[in-house]
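Remarks on the overall topology
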Amino acid sequence: MAGAGKLKRGGEGEALLRKLRRLTARAGALKAGDRAQLLALMDDIQTAQRKLASECARLDEDMRRATVRLTAIKAYAWGTSAVRAPRQGRH
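What counts, and where the lines are drawn
- Residues numbered from 1 in each chain as written.
- Predicted model: local features only at pLDDT ≥ 70, side-chain atom pairs only at ≥ 80, totals over all residues.
- Heavy atoms only, no water.
- Helix = DSSP H or I, 4+ residues; strand = E, 2+ residues; numbered from the N terminus.
- Expected span 1.5 Å × (residues − 1).
- Buried < 20%, exposed > 50% of the residue type's maximum accessible area, 1.4 Å probe, protein only.
- Salt bridge = Lys/Arg side-chain N within 4 Å of Asp/Glu carboxyl O.
- Patch = residues over 30% accessible without salt bridge, like charges linked within 9 Å, V, L, I, M, F, W, Y side chains within 5 Å.
- Areas by Shrake-Rupley, 256 points an atom, 1.4 Å probe, with all protein chains shown as cover.

Each full turn of the α-helix corresponds to 3.6 residues, which orients residues three or four apart in the same direction. Along its 50 residues, helix H2 (residues 35-84) runs 73 Å from first to last C-alpha, staying within 8% of the 74 Å computed at 1.5 Å per residue. Of the residues making up H2, those classed as buried are Leu41, Ala48, Glu55 and Asp62.

The next point concerns the pattern of salt bridges. Considering all chains together, one arrives at 6 salt bridges under this definition. Its salt-bridge partner being Arg58, residue Glu55 comes within 2.7 Å of it at the nearest N-O pair. Placement of both Glu55 and Arg58 in helix H2 is noted, with a separation of 3 residues, approximately one turn of the helix. Note that Glu61 and Arg64 form a salt bridge whose closest N and O atoms lie 2.6 Å from each other. With a gap of 3 residues between them, Glu61 and Arg64 both fall in helix H2, about one helical turn apart. A single network of salt bridges, built from pairs that share partners, joins Glu55, Arg58, Glu61, Asp62, Arg64 and Arg65.

Once that is clear, we can look at the environment of Glu12. Examined against the element boundaries, Glu12 turns out to sit in helix H1 (residues 2-29). It is 9.9 Å that separates the C-alpha atoms of Glu12 and Leu52, two residues lying 40 residues apart in sequence.

With that settled, consider a nonpolar patch on the surface. A cluster of nonpolar side chains, Leu17, Leu20 and Leu52, forms an exposed patch at the surface whose accessible area comes to about 210 Å². Within the secondary structure layout, Leu20 lies in helix H1. What makes Leu20 partly exposed here is its relative accessible area of 31%.

Set out below in structure tokens:
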């Protein structure tokens, strides 16, 4: 079931956005002298950044695969239409 995996991945993207909103809210509520909370927040931000980078790489790979497939489909369609079309100018 390829479709189920796509839905799950979309959920991961939504979860990352919610996580970023929570991190932004935490950053706004952070007290200036709270070093432990600042370090924890920085760690969470780095984790979210790595996950986002991974998701971007996955999307890049999906786009590359889609481009390759589209090129193959166009080549097949062009070849099929060339075979079916009557040749002009030949007797």
